[in-house]
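The primary structure of each chain is shown beneath.
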Amino acid sequence: MIEFKNVSLVYPNGTQGLKNINLKINDGEFVVVVGLSGAGKSTLIRSMNRLVTPTDGELFIDDENILAYNSRNLRKLRTEVGMIFQNYNLVKRSTVMKNVISGRLGYTGTLKSLLGIFSKEELSLAYQSLERVNIAEKVYQRADQLSGGQQQRVAIARVLTQQPKVVLADEPVASLDPPTSHQVMTYLRKINKEDNITTVVNLHFIDMAMEYADRIIGMRAGEVVFDGPASEVSEST
Ligand code: ADP
Ligand code: ADP
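In short, a report on the structure.

Thresholds applied
- Residues numbered from 1 in each chain as written.
- Chains lettered and ligands numbered in written order.
- Predicted model: local features only at pLDDT ≥ 70, side-chain atom pairs only at ≥ 80, totals over all residues.
- Heavy atoms only, no water.
- Near = heavy atom within 4 Å.
- Polar contact = N/O pair within 3.5 Å; in protein donor to acceptor, adjacent residues only side chain to side chain.
- Areas by Shrake-Rupley, 256 points an atom, 1.4 Å probe, with all protein chains shown as cover.
- Nonpolar A, V, L, I, M, F, W, Y, C, P; charged D, E, K, R; others polar.
- Buried < 20%, exposed > 50% of the residue type's maximum accessible area, 1.4 Å probe, protein only.
- Helix = DSSP H or I, 4+ residues; strand = E, 2+ residues; numbered from the N terminus.
- Pairing = 2+ DSSP bridges.
- Axes fitted to C-alpha atoms, helices over the stretch in contact; angles between N-to-C directions.
- Parallel < 35°, antiparallel > 145°, perpendicular 65-115°, else oblique.
- Left-handed = near helix turned anticlockwise from the far one by under 90°.
- Contact = heavy atoms within 4.5 Å.
- Salt bridge = Lys/Arg side-chain N within 4 Å of Asp/Glu carboxyl O.

**As for the site of ligand 1**
Residues in contact with ligand 1, as listed here, are Tyr11, Asn13, Thr15, Leu36, Ser37, Gly38, Ala39, Gly40, Lys41, Ser42 and Thr43. Residue Thr43 places a side-chain N or O atom 2.5 Å away from an oxygen atom belonging to ligand 1. Summarising the interface, the protein chains cover 63% of the accessible area of ligand 1, which totals 560 Å² for the free molecule. Partitioned by chemical class, the residues of the shell around ligand 1 number three nonpolar, seven polar and one charged.

Below you can see the structure in the form of C-alpha cells.
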C-alpha cells in the first residue's frame, strides 16, 4: 500500500508542487491522475519513486517512509517502483533486448550485470516480457528504429523485467496518436490485472481515464480536488 500523509513539496524556486496531500492507494489498484498542465500530476507521480523529494510530510510504501531513504535504499525503491515516461527514455542506439534487460541492472547490481553478462534466467525473463507486450520480434532492432508505440511497449517490457510491485506512468500516451494510446493503456491495464501491479498513470484526457481507471484522482494547483471511482466522475464534474 502507498500512503501520503500531509505531503507537501515546494520546489527550490518557491513553486508549490504539492499541497498537503493525504492519499491511500491499495495494492493492485489502477489509478489515473488527471488535471490541467501544472496541476501537480507529475510531481505526485515522481514523488512515489523519489525522482522528486517532498519537503514535508511522510510517504509510506508498504509501511516504510520513503522520504527517509538513503541512496542505497533508493536503488531498491526504483526497482520495486518502476517508471514509464512520455518520451520512453530508451537508450536509442541500443537494441531492444539491451534496453529491456537494463531493467534488471539496479536489481542485481553485480559486476556481471554491469558488464552486460546476463544469466539465462534474466534473458528469458526479458524475452517473456517482450512477448507479453507483443514486441518480441523486434528484440535485436535498435530502439530508435521503432515507432513511438513500439518504443513505449519496449519501455513497458523493461519495467516488467524489473518485476516491480508498483508501476508509475507519467503521461505515457501524450506523444502517441489515439489508436496507439489505447493500445498502450490496454497493455498497462493487462499487466496490472495479471501481475497485480499497483499502477498510477497521469493522463490529459478524462475520457481515457474513465475508460481504464478503477479510480480517478483529480488535481488542481497541487491539491487533490477529486478522488473516487471512475463511475462517479460524470456525475460530479
Ligand atoms: P503537471 O504534471 O500536472 O503538469 P507538475 O507536477 O509538472 O504538473 O508541476 C506542478 C507545478 O510545479 C507547476 O507549477 C510547475 O511549473 C512546477 N514545477 C514542476 N517542476 C518544477 C521544477 N523542477 N522547478 C520549479 N517548479 C517546478
Ligand atoms: P505501431 O502503430 O505498431 O506502433 P507504426 O504503424 O507507427 O507502428 O509503424 C509501422 C512500422 O514503421 C513499424 O514496424 C516501425 O518499425 C516503422 N517505423 C515507424 N516509425 C519509425 C521511425 N521513426 N523510424 C524508423 N521506423 C519507423
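Let's pick the thread back up.
**A word on the pairing of strand β8 (residues 198-202)**
Of all the five residues making up β8, five are buried; the element is thus mostly covered by neighbouring parts of the structure. Burial along β8 is two-sided: Thr198, Val200 and Asn202 facing one way and Thr199 and Val201 facing the other are all buried. Note that strand β3 (residues 30-34) and β8 share four bridges and pair parallel. Considered in β8, the bridge of Val32 is made with Val201. Where strand β7 (residues 166-170) meets β8, four bridges bridge the pair, whose relative direction is parallel. By the bridge assignment for β8, Ala169 is matched with Val201.

**A word on the site of ligand 2**
Taken together, the neighbourhood of ligand 2 is formed by Lys138, Gln145, Ser147, Gly149, Gln150 and Arg153. Within the contact set of ligand 2, an oxygen atom lies 3.4 Å away from a side-chain nitrogen or oxygen of Lys138. Take Gln145: an N or O atom from its main chain is 3.1 Å from a nitrogen atom of ligand 2. Here the residues of the shell around ligand 2 sort into no nonpolar, four polar and two charged.

**So, the packing of helix α6 (residues 120-132) against helix α7 (residues 148-161)**
Interaxial distance between α6 and α7 falls to 8 Å at its minimum, and their mutual angle equals 135°. Here α7 runs oblique to α6, going by the angle between their axes. Judged by the sense of rotation from one axis to the other, the crossing of α6 with α7 is right-handed. Packed against α6, whose contacting residues are Leu125, Ala126, Ser129, Leu130 and Arg132, the element α7 presents Ala157, Leu160 and Thr161 at the interface. Residues belonging to the contact of α6 with α7 are distributed by class as follows: five nonpolar, two polar and one charged.

**Observations concerning the pattern of salt bridges**
Close approach of charged atoms allows side chains with opposite charge to pair. In total, this model carries ten salt bridges according to the counting rule given. A salt bridge links Asp227 to Arg215; the shortest N-O distance between them is 2.8 Å. Of this pair, Asp227 sits in strand β10 (residues 223-229) while Arg215 sits in strand β9 (residues 215-220), and the two are twelve residues apart along the sequence. Taking the relative accessible area as the measure of exposure, Asp227 reaches 38% and is therefore partly exposed. Note on Arg215: relative accessible area 11%, which makes it buried.

Fair warning: the whole summary comes from geometry, so function is off the table for now.
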